[in-house]
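Listed below, chain by chain, are the residues.
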There are 4 protein chains.
Amino acid sequence: MVQAPIPVVVNGAAGKMGREVVKAVASAEDMILVGAVDRSPEIQGQDIGEIAGCGPLEVPVVNDLQATLVLATQERGLPVMVDFTHPDSVYENVRTAIAYGVRPVVGTTGLTKEQIDDLAEFADKASMGGAIVPNFAIGVVLLQQAAVRASQYFDHVEIIELHHNQKADAPSGTAIQTAQLLAELGKSFNPPMVEETEKLAGARGTRTGEGIQIHSIRLPGLIAHQEVIFGAAGQIYTLRHDTSDRACFMPGVLLSIRKVLPLKSLVYGLEKLL
Amino acid sequence: MVQAPIPVVVNGAAGKMGREVVKAVASAEDMILVGAVDRSPEIQGQDIGEIAGCGPLEVPVVNDLQATLVLATQERGLPVMVDFTHPDSVYENVRTAIAYGVRPVVGTTGLTKEQIDDLAEFADKASMGGAIVPNFAIGVVLLQQAAVRASQYFDHVEIIELHHNQKADAPSGTAIQTAQLLAELGKSFNPPMVEETEKLAGARGTRTGEGIQIHSIRLPGLIAHQEVIFGAAGQIYTLRHDTSDRACFMPGVLLSIRKVLPLKSLVYGLEKLL
Amino acid sequence: MVQAPIPVVVNGAAGKMGREVVKAVASAEDMILVGAVDRSPEIQGQDIGEIAGCGPLEVPVVNDLQATLVLATQERGLPVMVDFTHPDSVYENVRTAIAYGVRPVVGTTGLTKEQIDDLAEFADKASMGGAIVPNFAIGVVLLQQAAVRASQYFDHVEIIELHHNQKADAPSGTAIQTAQLLAELGKSFNPPMVEETEKLAGARGTRTGEGIQIHSIRLPGLIAHQEVIFGAAGQIYTLRHDTSDRACFMPGVLLSIRKVLPLKSLVYGLEKLL
Amino acid sequence: MVQAPIPVVVNGAAGKMGREVVKAVASAEDMILVGAVDRSPEIQGQDIGEIAGCGPLEVPVVNDLQATLVLATQERGLPVMVDFTHPDSVYENVRTAIAYGVRPVVGTTGLTKEQIDDLAEFADKASMGGAIVPNFAIGVVLLQQAAVRASQYFDHVEIIELHHNQKADAPSGTAIQTAQLLAELGKSFNPPMVEETEKLAGARGTRTGEGIQIHSIRLPGLIAHQEVIFGAAGQIYTLRHDTSDRACFMPGVLLSIRKVLPLKSLVYGLEKLL
């Protein structure tokens, strides 16, 4: 028996990430793009395939999410909505999707803790699956999981994150998140072997409460890179992830679309779907 | 209640690895060295601590394994024997240990598949724990486990192993083992995107039946390094292990000593104990 | 005294590289774009700034190189022509430029040895400077120069080049060129310390006549990377260049424009201008 | 005509570095060890080859430098003295060598600026060559020279140095020296593209007056490593040196022995001899 393709509606379809999702869904054999919602007035009615640069898909851009979801559900049953819109509309979008029986896969950032809890409760009541995913890069999640496992056996670890020099904040959110995941083990890292002295202040980077050192490099020519280095007598174990293109998020988006189908509640983080 | 220290007999105590084990056991708070067996005639009766370079331990080198095990069992009960001897004696050593109720932790290489099966059966009958560990480097095992996990989500992977230029064979045994572990998934890696042409033969390295490419670098100044590189559109995920000293095996030896105590059978590979 | 900006004509201005050059020249304070030549019929007369994505420059695309050079020379005196066109037109373009007193900076590939010699002779007679540059990436040239210098002191070296898996040939042209530059020293690299055995054919990569080993990695997610690794007892010296964007060639293009001005002959290779 | 081998006296021959020098000189075809001076009373008269672990050399350890130099000069003419002794005796050793017509190659640290100037003057008067070399690792010097060259073309650079966690001070002396060499160009590095914010203090490392960022990593399993990373739009150029063994200094020692022969004055730094 051939499985029917999964119907997908992309909300924010003409944005940078939305267009990538449109292309990825269009080339996935087990999915079909059934709706493209975007508020930009100048592209209403245009074929989203042309906008995304993957050839005609016969799916026009519209701006009414609700109507699109209703129509998709009637025609196709149980679609998934991928949301890459704006912090100020994502909460309403997700509520709308759940209300109409559509599973949300959310890449839009900016949901507060309270909003996430509220949406989770709403999904629970409706027994409706969904996923809120702050980072769709599978490699980052795999790296973090491997790092958590390694931290059980290594007591010494430092993190280097490297980004282009137009990134204003340091360390990166991903590096801080990695350090937090390692910290959950409850152990103290990098017990000092000698009395360390910084001849130049800041040389040793920053140190979290659990003793993890983090270093941030900023250079033009870099994109987004993270390196977690574990050390023990006679050995070094290094995990590194390099991002060079937005395309790196698409395997995670497609995987999320597939994995939310059987779910009955809202999950947070790609690691819950791996 | 304070736990009594684990009594440990080291067989092959004056060899390169044996001396490292002696030092490691001597500095582990939860262990006590109770016997040092070595066949070298010129060091019989000498203190193994002096030979290993960690100061006097009041444990003389002897050459009678059986007597040492009997005595250790009587005085201390249930010791562990760490074996770093020779391929031609290891099988007998392990049988002897099991026969005398001593748990073997075996780092000596050269046991055949049949010998391992036979020892496993013998240990089963005696309900006696033990471990045969071809590679005690925890970092290598963690890398291989992380690689197996990543290979579920990445279809493209190449392995680079780098060793000093006095290593004769290529690829390294560890790299081949990593490729075999990835192959167990049953999928075919590195589906070609273009018709590849080697302008210079061998440039693309070797390719296993499952499509995994392996490259071997040999240079003075290198020691022992392995890199597994996964690629997907827009991202690279790299796992690397660097060995610089025999000391890197000791955490794995100590962990094995601790973990065989409650076992009732013989396990193969450090990964079974992590 | 303020220096007058250098007038630049871009030939092949609407191509991928041409558009980058247009943007780079437009943002260089010491240059002014005075002509944009491109054969594509559908964009004739359009502003090249709009096409290149850097805002209006009031320089329309035209298809007559000769007329553009004549006009530019009359109005501005001594301009430079950057050529990123096609292998079948580049020779004529360069002759035309020299004939009209315009200095060529050529990034177009495909000139034969005979054509280059001929153009060099033609430039000599006209005492006209110019540059043919197969690779404008300054980092690559610096890496190669540093490698040549290191090869005087290190006898062991291997090259790893890593590219996306849509590159068909291996090793890369740049890696081959690096090996050739090292070979010019006339010494034999990587004298074997042991009898090497390839358990899997190709594992050790390819080996040039001078003994330099080259390894080619191909993975999606990679872009264009080269690593030259020198080894000696107790030390490793590594040079690595990573390319992530066509923008990396622009500093080399701008530098070439500036450096050809005082020249009286045609030079080959960015290294002649550094 | 076969060149006579260069006679070499090693002062501090039984120390860690001295023994390495003995081995290196013994295996260099163009050198001959003619004297081994060391103050340690318990090894007087023993063969230095046995002590160094390279087999008998028929050169006994003695403690009288002056007598050794006199004898070596009479028998062999013009020898070279390699000095790896102590900060408190090195100045006198070098004066003695020059006074007796022996060329000093000095690896001992601790000479003050004044002492170096004084020795240089003394060597000048005697028209005697010599070398004071704070770091004999050729790879480090090559890296620094390549970095200085690259810094003419790249405006953005960060340095990462990685050492074992028993090193107390950060950044390493070598990293500071590299930054100073780059600073000599007189330009300001890493002009900020955005207003940077450290969410965790120290994350961005330390910043020299010229804007060079330095980051220090400390982990067991590391030995001594330095990485200089240059960035520009679309490209990264990385220079890395890894030290794994004291042996890495020997090519620099042998090269210094050969290069001081024709000198008529005292030079400082291996770079003066490359």
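Residues numbered from 1 in each chain as written. Chains lettered and ligands numbered in written order. Predicted model: local features only at pLDDT ≥ 70, side-chain atom pairs only at ≥ 80, totals over all residues. Heavy atoms only, no water.

S.K.: Looking at this structure, I do not really get the relation of the copies chain D and chain A. What am I missing?
M.R.: Relating one copy of the chain to the other takes a rotation about an axis and a shift parallel to that axis. Of the transformation placing chain D onto chain A, the axial shift is 0.1 Å and the rotation is 180 degrees, giving an RMSD of 0.1 Å. The relationship between the two copies is best expressed as a two-fold rotation axis. Looking at the interface residues of chain D, 100% of them are also at the interface in chain A, so both copies use one shared face. (Least-squares fit on C-alpha atoms with pLDDT ≥ 70 in both. Contact = heavy atoms within 4.5 Å.)

S.K.: Would you explain the domain arrangement of chain A in this entry?
M.R.: How large an interface is tends to be reported as the accessible area lost when its parts come together. Residue and element names in this part refer to chain A. Domain boundaries assigned for chain A yield domain 1 (6-132 + 247-272) and domain 2 (138-243). A C-alpha centroid distance of 33 Å is found between domain 1 and domain 2. Residue-level contacts link six residues of domain 1 with four residues of domain 2. Taken as a group, C248, L270 and E271 account for 77% of the area that domain 1 buries against domain 2, more than any other trio of residues on that side. There are zero salt bridges connecting domain 1 and domain 2. For the pair domain 1 and domain 2, the interface holds zero residue pairs in polar contact (both at pLDDT 80 or more). (Domains from an automatic or database assignment. Buried area = accessible area lost by both parts, 1.4 Å probe. Salt bridge = Lys/Arg side-chain N within 4 Å of Asp/Glu carboxyl O. Polar contact = N/O pair within 3.5 Å; in protein donor to acceptor, adjacent residues only side chain to side chain.)

S.K.: What exactly am I supposed to notice about the packing of aromatic side chains here?
M.R.: The way to describe two aromatic rings as a pair is by their centre distance and the angle between their planes. Applying the stated rule across the entire model yields 16 aromatic pairs over all chains. Here F154 of chain A and F230 of chain A contribute two aromatic rings whose centre-to-centre distance is 5.7 Å and whose plane-to-plane angle is 45 degrees, an arrangement assigned as tilted. With F154 of chain A in the loop between α6 (138-150) and β7 (156-163) and F230 of chain A in strand β12 (residues 224-232), this pair connects stretches of sequence that are 76 residues apart. For F154 of chain A, a relative accessible area of 2% gives the class buried. Residue class for F230 of chain A comes out buried when judged on its relative accessible area of 0%. Sitting over the ring of F122 of chain C, R95 of chain C keeps its end group 3.9 Å from the ring centre. (Phe/Tyr/Trp six-rings, centres within 6.5 Å; stacked < 30°, edge-to-face > 60°. Helix = DSSP H or I, 4+ residues; strand = E, 2+ residues; numbered from the N terminus. Buried < 20%, exposed > 50% of the residue type's maximum accessible area, 1.4 Å probe, protein only. Lys NZ or Arg CZ within 6 Å of the ring centre and 35° of its normal.)

S.K.: What is the right way to look at the packing of helix α1 (residues 16-27) of chain B against helix α8 (residues 250-260) of chain B in this model?
M.R.: Helices that pack against each other are described as a pair by the angle of their axes relative to one another and the distance between those axes. Residues and elements named next belong to chain B. Running from amino to carboxyl end, α1 crosses α8 at an angle of 65 degrees, the nearest separation of the two axes being 10 Å. Along this stretch, α1 crosses α8, giving a crossing that reads as right-handed. Residues M17, E20, V21, A24 and V25 of α1 pack against M250, V253, L254 and I257 of α8. (Axes fitted to C-alpha atoms, helices over the stretch in contact; angles between N-to-C directions. Left-handed = near helix turned anticlockwise from the far one by under 90°.)

S.K.: Explain the sheet that holds strand β13 (residues 235-243) of chain B to me, please; I cannot follow it from the model alone.
M.R.: Within a beta sheet, neighbouring strands are joined by backbone hydrogen bonds and run either parallel or antiparallel to one another. Spatially, β10(A)-β11(A)-β7(A)-β12(A)-β13(A)-β13(B)-β12(B)-β7(B)-β11(B)-β10(B) is the arrangement adopted by the 10 strands of the open sheet, whose pairing is mixed. Two strands lie at the open edges of the sheet, namely β10 (206-207) of chain A together with β10 (206-207) of chain B, each paired on one side alone. Sheet topology note: the strand β7 (residues 156-163) of chain B/strand β11 (residues 213-218) of chain B ladder contains six bridges and is parallel. By the bridge assignment, E158 of chain B is partnered in β11 of chain B with Q213 of chain B. Helix α7 (residues 173-183) of chain A rests against β7, β11 (213-218) and β12 of chain A of the sheet, and its axis sits at about 165 degrees to β7 of chain A. (Pairing = 2+ DSSP bridges.)

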